[in-house]
Amino acid sequence: MSPLLNTAIGAARAAGDFIMRHYQQADQLKVTTKQANDYVSEVDRSAEAIIIDRIRKAYPRHAILAEESGDHDGRTNTEIQWIIDPLDGTTNFLHRNPQFAVSIAARDRSELEIGVIYAPFSQELFTAMRGSGAQLDGRRIRVSNTSKLADSLIGTGFPYRRDQDLDAYLPLLKAVMQNTSGVRRPGAAALDLAYVAAGRLDGFWEQGLQPWDIAAGALLIREAGGKITDLTDARSDVVESGNVLAGNQKIHAELGELLNPLLK
């Protein structure tokens with residue numbers, strides 16, 4: 001196991017332990033509204049600080065991109081960048097809904113090297129290292145072998161911010177509902193991507209995500225034999241664009257064929 005991956009696992013578990021110590025009292029936490037329907041709690045910030053402290057101790061010169069505190073440039077080496085979401089699914093956490101996760105990735109320039117997604121409630125640990133496959137709790141995982149969109153279970157994320165176009169999204173949702181065996185919206189994109197990698201979802205799409213929502217899950221999916229691209233342009237960097245189309249090879253293709261004519 002690489003030192004980068006070891007550091008990410010230790011940081012994710014430490015942050016997850018902290019998050020769970022506050023789980024039962026989540027409704028009593030101090031919460032700030034970043035924008036309509038987009039929240040950050042004192043637990044988000046403290047969990048992020050735990051992760052950054054772990055990374056800084058191991059790699060003081062690496063750059064960091066974190067959801068709550070933004071960019072932290074390395075002192076002399078910015079080729080390695082850590083991408084952190086300390087608590088993906090904050091709204092779920094605040095309602096004591098157990099669908100939330102810690103997401104940590106590291107990339108060398110534009111190449112994702114390691115990814116970790118840790119679900120504190122279930123204590124499931126999803127890990128990936130470039131060229132070495134993806135694992136769940138130390139066991140190799142693969143994307144599903146579902147070959148027909150009609151038989152697939154697809155994940156998504158609803159537009160929830162005021163700057164997102166709900167009217168443009170609804171035709172996509174309708175089309176997927178009518179052409180698959182079901183659609184799920186659990187509310188934590190990083191965990192949704194981990195579920196694609198583990199074969200629990202056959203595919204996933206969402207627009208308007210951030211790098212910290214995508215990075216670790218993107219590597220998990222690729223290392224599990226799946227495909228993740230920009231929703232409209234396969235040549236774009238999906239981590240930067242935020243518009244995700246993911247699945248096993250066949251479902252990715254069929255879902256893209258279904259959605260692309262409906263995109264505005």
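Note on numbering: residues in each chain are counted from 1, in written sequence order. Given that this is a predicted model, residues contribute local features only at a pLDDT of at least 70 and side-chain atom pairs are listed and counted only at 80 or more, while totals for whole chains, interfaces and linings are drawn from all residues. The side-chain values count all of the structure's non-hydrogen atoms but skip hydrogen atoms and water molecules.

1. As for the sheet that holds strand β12 (residues 182-184)
The strands making up a sheet are joined through hydrogen bonds of the backbone, oriented either antiparallel or parallel. Overall, mixed pairing links the 5 strands, which are arranged β12-β11-β13-β15-β14 in an open sheet. Pairing within the sheet leaves two strands with one partner each, and these edge strands are β12 and β14 (227-230). Taken pair by pair, the neighbouring strands of this sheet meet at an average axis angle of 20°, ignoring direction. Pairing between two strands is assigned when DSSP locates at least 2 bridges connecting them. Think of it this way: any DSSP run of H or I at least four residues long counts as a helix, any run of E at least two long counts as a strand, and we number them from the N terminus. Both β14 and strand β15 (residues 244-247) contribute to a ladder of 4 bridges, which runs antiparallel. Bridge assignment links aspartate 230 to a residue of β15, and that residue is valine 244. Axes here refer to lines fitted to C-alpha atoms; in helices the fit is confined to the stretch in contact. Angles between the N-to-C directions go from 0 to 180 degrees.

2. With respect to the side chain of serine 2
Among the secondary structure elements, serine 2 is positioned in the segment before α1 (3-21). Filtering out sequence-adjacent residues up to four positions away, serine 2 remains in contact with Ile114 and Met129. Between two residues, a contact is recorded if the distance between any of their heavy atoms is within 4.5 Å.

3. Let's talk about the packing of aromatic side chains
Ring geometry is summarised as follows: Phe, Tyr and Trp rings, the Trp one being its six-membered ring, pair when their centres sit within 6.5 Å, and such pairs are stacked at plane angles under 30 degrees, edge-to-face over 60 and tilted between the two. All chains considered together, the criterion is met by 8 aromatic pairs. Relative to phenylalanine 100, the ring of tyrosine 23 lies with its centre 5.8 Å away and its plane at 40°, an arrangement referred to as tilted. Placement of tyrosine 23 in the loop between α1 and β1 (31-35) and of phenylalanine 100 in the loop between α3 (90-94) and β6 (101-108) is noted, with a sequence separation of 77 residues between them. The cut-offs for exposure are 20% and 50% of the maximum accessible area for each residue type, with area from a 1.4 Å probe on protein chains only; residues under the lower value are buried, those over the upper are exposed, and the others partly exposed. Given the relative accessible area of 6%, tyrosine 23 is considered buried. Its relative accessible area of 0% is what places phenylalanine 100 among the buried residues. A ring pair is formed by tyrosine 23 and phenylalanine 121, whose centres lie 5.4 Å apart and whose planes are at 55°; its orientation type is tilted. Taken together, the positions of tyrosine 23 in the loop between α1 and β1 and phenylalanine 121 in the loop between β7 (111-119) and β8 (124-129) put the pair 98 residues apart, joining distant regions of the chain. Ring pairs connect the aromatic residues Tyr23, Phe93, Phe100 and Phe121, which therefore count as one cluster. Charge-over-ring contacts are defined here by two conditions on Lys NZ or Arg CZ: a distance within 6 Å of the ring centre and an angle within 35 degrees of the ring normal. The ring of tyrosine 195 is capped by arginine 200, whose NZ or CZ atom sits 4.9 Å from the centre of that ring.

4. As for the environment of proline 171
With respect to the helices and strands, proline 171 occurs in helix α4 (residues 166-179). When the C-alpha atoms of proline 171 and leucine 259 are compared, they prove to be 9.0 Å apart, with 88 residues separating the residues in sequence.

5. Notes on the pattern of salt bridges
Put simply, a salt bridge is a Lys or Arg side-chain nitrogen that is within 4 Å of an Asp or Glu carboxyl oxygen. With the rule as written, the count across this model stands at 7 salt bridges. A salt bridge links aspartate 53 to lysine 57, with the nearest nitrogen and oxygen atoms 3.3 Å apart. Of the two residues, aspartate 53 and lysine 57 both sit in helix α2 (residues 42-58), 4 residues apart, roughly one turn of that helix. Residue classification places lysine 57 among the exposed residues on the basis of a relative accessible area of 66%. Salt bridges sharing partners connect three or more residues here, namely Glu79, Asp108 and Arg109.

6. Comments concerning the pairing of strand β13 (residues 203-206)
Looking along a regular strand, one sees the side chains alternate between the two faces of the sheet. Residues of β13 alternate between two faces, with Gly203 and Trp205 on one and Phe204 and Glu206 on the opposite face, all of them buried. Here β13 runs beside β15; their pairing, made up of 4 bridges, is antiparallel. Across the sheet, residue glutamate 206 finds its bridge partner in β15, namely valine 244.

Just distances and angles here, no functional claims.
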